[in-house]
Every structure is written in C-alpha cells, then in structure tokens.
Protein chains: 2
Amino acid sequence: MTRATALIGVDWGSSNLRVFRMGEGGAVLDRRADGRGASSLKPEQFADVLTEVAADWLAEDLPVLVCGMAGARGRWLEAPYAPCPAGLADIAAYAVRPIDAPEVRILPGVAVWREGCLDDVMRGEETQLLGLDRGFDRVVAPGTHSKWARLDGGRIIDFRTHMTGELFAALSRSPSFLGGEAGTDHEAFEAGVCAGLEDGPLGASLFSARVGMLAGRVPATGLQDYLSGVLIGAEIAGETRDGEPGRIALLGAPGLAERYRTALALAGVEEVIVTDVEAATAAGLWRAWEAMR
Amino acid sequence: MTRATALIGVDWGSSNLRVFRMGEGGAVLDRRADGRGASSLKPEQFADVLTEVAADWLAEDLPVLVCGMAGARGRWLEAPYAPCPAGLADIAAYAVRPIDAPEVRILPGVAVWREGCLDDVMRGEETQLLGLDRGFDRVVAPGTHSKWARLDGGRIIDFRTHMTGELFAALSRSPSFLGGEAGTDHEAFEAGVCAGLEDGPLGASLFSARVGMLAGRVPATGLQDYLSGVLIGAEIAGETRDGEPGRIALLGAPGLAERYRTALALAGVEEVIVTDVEAATAAGLWRAWEAMR
C-alpha cells in the first residue's frame, strides 16, 4: 500500500537538487537527486528542471516547498532574508511564490542585522536547523561556509559564518600545502587542530605547517590534513572565545562532522551530537509547511 | 673611472636572482637580475647559473656572498638556521661554502626556537633586516610570507611569519572573491582593513565580503581589494594585540609597503618608515661580509 503524498519538499542547493515525496507528518516516502544546482540555472529554468526530475510526483497537484539557493538573488525568485530571531513561523511568513509555478513556495534565508547593517546570512541551513529536535544550545553546520547558530525556544537567535571550507579548497592548491590527501593522516590533523585552537593570527598558524615540515613534525603526506586541522581548530577557537558553547548539534556530512567532533573534543567540548542532515531538512520543510497552513 | 669591486653580493630568492657588484664600503656599483630563482634549480645548477649571469665580474676572483633560498634544504647547499637572537656576527658564523665554488659563502636563515621546538624561520629577510640602520623596534617585511621581527641592539630578537601573500594568492582565485583587480578600489581596501582589524576569526571576517556584496557595501569590482584589506588588517591586528608596536620599518615593494602603511594608519600606528629593499639587502650583505673578515 502506498501512503498518500502530502507535500513535495525540495532542497535546492548551489550545486545539487534534492526532491522528497513526503507523507502526512513529514515522513520521506521517496527521494530523488539531480546535479543541476541553483548556481548553474537561470530563473526561467528552475520550473522545467523540477518538472523533469519529478514530473510524476508533481502531476498529483500537490504543494511544493523549496528551501535553499533557489531563493537567492538572481535565481528562481528572490526570497528576502527573514531577520533573526527567526523560527518556523517567521520563515513561513517570508516565503514567496514564483509566477511560473503557482503551486511552489520558496522559503527565505535568515539574516543577522547589527546596528542597522546586514551582518550575516544563511540560506538553506535555517530549514535544517529548525528541523532539529529542540534541546541544543548551538547548531554547527560545517561546510564551504560553516554556520554556528544559537538556538532558543525554537528560533535562531544569532549566527556567524566561517568561510572554512572555501579556505580549505583554496589553500589545498597552494604551494605550502601540496602533500597527501585529507583524511589519511589523523595525527597531522590533530596537530593542526591544536595549532588552530591556540587562536593566534590565522596566517601565522597556517605558516606552522611549513615550520612543522622543516622540523620533521608534519610529514609531507600530512599537509592537507594539517591544513584542515588548523582551519577547523581556528574556527572552533573563534566560537569558544567567550566560554562554553553548551550542547552542540553537528549538522553535516558524516566524514566532515566526525572531523569537527574530534576537533571539538580536543577543545574540551564533549556535549556534541552528530545529526542527520537529510532527516533535518525534511523535518524542517514539513514543519515550515505546517506553519503555513 | 671605475671603482674597484670588493664583493659580489647575491640575493637568491625563490623566484628571482639578483647580483650586485659592490665596492669597498658596500656601495652598489652595478646590478643584474635573472628569473632563475632557487626553487627552480637543482644543487648542481647554481654555480653555472651564477657564472652565466656574472662571468665577467666573477673573473676578478672576488669573494661572493649569497643570501636567501640558495641556502635552503635541497638547494645549492643547506646553510642551517642561526637561532635568535641573531645579529650580523651570528649569521656570518653560520655561513657555508659550497664545494663547487670555493669563493662563495652562503648565509644562513634565522630561526626562532621555543621550548626546544623550531617555531619560525626566515631565509633572506634576515640579511635585509640587519642591513637597516638601527632605531627601529619592529621590521615588517610584507610578502608571500610576511615577517614581523623585533630588533634590539642590532640583533633579531624574535619574529613571526604570517602567510598573508600566499592566502591572498589562493583566495583571489576562490569563488567569493572573483571581482575587480587589487589596487583599483581604495575604499573597498579600507573597508576590508577595518573588518580585519576587528580581530575576529579570519574565516568569519572573510565572509563579510559576501555579506558586504549582498548589502551593497562592497562592489563586485572591489572584492580583490577588500580581500587584500581583510588579510592585511588581520595580520596587523594579530601583531598589535599586545600593545603598541613602536617604531616600524616597512621593508617591501613600494606598492605593497604603501598598502601596509595605509592599514597601519587605520590601526592607529603612525610611526612607520618605508625603507628600500635593495639598499637594505646590499647593506646587509656588505655588513655580514665585514663581520666575516
């Protein structure tokens, strides 16, 4: 027996598209993925791509709820950021409807404003964060642009973005770090984390890779892991300057989340739960949809 | 009338070779440059390259003093680092003589050791720093690997390296910073410096470029300048955490030195003298040679 579909949930990231067929209550009944991410599409292409990927599901004339970069400026239709503090009702209220697909609603991102100035933004992660069960003080979503968010009472109170993944991608091709492959030298990773946790100027912490090589402390094959460690360590140091971060949910791909868990443990932060990104995304979409009805 | 040559001075960097014909007292009588930097040469090639570039000068059977990467591991002949505190007599004492060119002496780099561990290194800059007239508390040599050195009584007491130029080169090709050309948008540069001077986690300071773009504060054509500003600002913040740096000599190419002078002024540091790199190098080589005789 097939359970009835209640919502088509869409997570449209920069470089990937994920579509969920969801039953009443938010259960994921089926899923599809496609490589046509939002950053490669023009506004008029989104509706067609979605139809190509999920024509049979869409034929049932169901509501479609989209989160992520489809709502960024210049993509399907800009959904302006909801300001923090932001909960499910807030992001639901900021959703927009593209004219070429009236059954579709696109959720906004969330922004921090400080003293009248836009200070930070996220788009996509807010739906995942708000899909988590409550009881976390912080949610860390590591990645190209890692997010550290404070949650309270089911709302995102504040957050900060660290360009850690983008730094890693750029520096891993730079002369000082050409060596090895990330994920192969655990010891070099931990040494890098410790260097990053010292919270010195990052440009100087990074130079410790070269000094470590010269001194024989960092093997050439461990340079990528050392780099990854320094960057993650520095990110954690920056977020724990003001004291204990409380109970943390880690929301990321398993390998990356595990690196952060290791690094957090080296920083003395042990209250860390690794959570499932897809489940959080689907739950966030469902709950946002409920907040709209 | 040609003044008599007393020393052939050589500054053999990673990517460039500079040769000076020097008279008694260290006056530069003539100079030559070549693109065959030390990082592109095998040990057995150095003597031949030097002969190609300056055969007529070398025919006079004069002493040759080399500083820079020719003495790095795997290059002409490794000249192990002299430990800090290091003055001219110290680097002179650590000079080595390659077997294939007995008239040549290669100066060492200088290293900081902390608690028995190699902590930082320079190679080439020490000769420039020690070639400056006294009276500076700090020497800043901006570049791929910027050096901030403390000087006292004609010796390098301590220093720290920031990978600022390497960070710029890597990040200037990264998605968040593709826009404009460094040196064209002074306002974006200054805005970046201010973001860097806040001394927050660097990965977060860098993300402010994207937020600034979204908010219309940073034009797309100013991204490279903004990036340069954040990195230089963060470097300065890291070096001024513990208070006033004192009287600073800036030792770098004119354009780059001017950027640092601007950024230092924004940090409230006004006692800054821009010095001439070639003159400092030649003076350092001559003084080191005097210390050897």
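Fair warning: this is a prediction, and the values are worked out from it, not measured in the lab.

**Student:** I'm lost on the environment of Leu 227 of chain A in this one. Help?
**Tutor:** All names here are of chain A. Along the chain, Leu 227 falls in helix α7 (residues 223-239). On the accessibility criterion, Leu 227 (0% relative accessible area) is buried. Taking C-alpha positions, Leu 227 is 16 Å from His 145, a pair spaced 82 residues apart along the chain. Residues in contact with Leu 227, not counting those within four places in the same chain, are Phe 168, Leu 171, Ser 172, Phe 177 and Leu 206.

**Student:** Honestly, the pattern of salt bridges in this entry has me stumped. Any pointers?
**Tutor:** Pairs can form between side chains of opposite charge once their charged atoms are near each other. Per the counting criterion, the structure on display carries 30 salt bridges over all chains. Among the ionic pairs, Arg 36 of chain B bridges to Glu 52 of chain B, the shortest N-O distance being 3.0 Å. In this pair, Arg 36 of chain B sits in the loop between β3 (28-34) and α1 (46-58) while Glu 52 of chain B sits in helix α1, placing the two residues 16 residues apart along the sequence. On the accessibility criterion, Arg 36 of chain B (28% relative accessible area) is partly exposed. Residue classification places Glu 52 of chain B among the exposed residues on the basis of a relative accessible area of 56%. It is possible to trace a salt-bridge network through shared partners that takes in Asp 34, Arg 36 and Glu 52 of chain A.

**Student:** It is not clear to me how the interface of chain A and chain B should be interpreted in this structure. Could you clarify?
**Tutor:** The extent of an interface is frequently quoted as the accessible surface area lost upon association of the parts. Each partner contributes residues to the interface: chain A has 36 residues there, and chain B has 36 residues. Around 3000 Å² of area is buried between chain A and chain B when both sides are counted, 67% of it from carbon and sulfur atoms. Broken down residue by residue, the surface that chain A buries against chain B is led by Met 163, Phe 207 and Leu 214 of chain A, which jointly contribute 21%. Counting every contact that joins chain A to chain B gives zero salt bridges.

**Student:** Is there a simple way to think about the sheet that holds strand β5 (residues 82-83) of chain B in this case?
**Tutor:** Residue and element names in this part refer to chain B. The strand order across the open sheet formed by three strands is β5-β7-β8, and the pairing between neighbours is mixed. Lying at the two open borders of the sheet, with one neighbouring strand each, are β5 and β8 (117-122). Relative to strand β7 (residues 110-114), β5 runs parallel, the two being bridged by two bridges. Residue Ala 82 lies in a different strand from β7, and its bridge partner there is Val 110.

**Student:** Just to check I follow, could you spell out the sheet that holds strand β10 (residues 146-152) of chain B for this structure?
**Tutor:** Backbone-to-backbone hydrogen bonds pair the strands of a sheet. The strands run either parallel or antiparallel. All names here are of chain B. The five strands are arranged β11-β10-β9-β12-β13 in an open sheet whose pairing can be described as mixed. Only two strands of the sheet have a single partner each, and these edge strands are β11 (155-162) and β13 (272-275). This sheet shows a mean twist of 20 degrees between the axes of neighbouring strands, independent of strand direction. By the bridge criterion, four bridges tie strand β12 (residues 248-251) to β13 in an arrangement that is parallel.

**Student:** Help me understand unusual backbone geometry, please; the structure alone is not making it clear to me.
**Tutor:** Across residues other than glycine, the phi torsion is negative in most instances, and most of the peptide bonds are trans. Note the cis peptide between Cys 84 of chain A and Pro 85 of chain A, where omega equals -5 degrees. Despite not being glycine, Asp 199 of chain A has its phi angle at roughly 65 degrees, a positive value. Its place among the elements puts Asp 199 of chain A in the loop between α5 (186-197) and α6 (202-214). The phi dihedral of Asp 61 of chain B falls on the positive side, at around 65 degrees, and the residue is not glycine. Counting through the fold element by element, Asp 61 of chain B comes out in the loop between α1 and β4 (64-68). Exposure remark for Asp 61 of chain B: the relative accessible area of 67% places this residue in the exposed category.

Rules used in this analysis
- Residues numbered from 1 in each chain as written.
- Chains lettered and ligands numbered in written order.
- Predicted model: local features only at pLDDT ≥ 70, side-chain atom pairs only at ≥ 80, totals over all residues.
- Heavy atoms only, no water.
- Helix = DSSP H or I, 4+ residues; strand = E, 2+ residues; numbered from the N terminus.
- Buried < 20%, exposed > 50% of the residue type's maximum accessible area, 1.4 Å probe, protein only.
- Contact = heavy atoms within 4.5 Å.
- Salt bridge = Lys/Arg side-chain N within 4 Å of Asp/Glu carboxyl O.
- Buried area = accessible area lost by both parts, 1.4 Å probe.
- Pairing = 2+ DSSP bridges.
- Axes fitted to C-alpha atoms, helices over the stretch in contact; angles between N-to-C directions.

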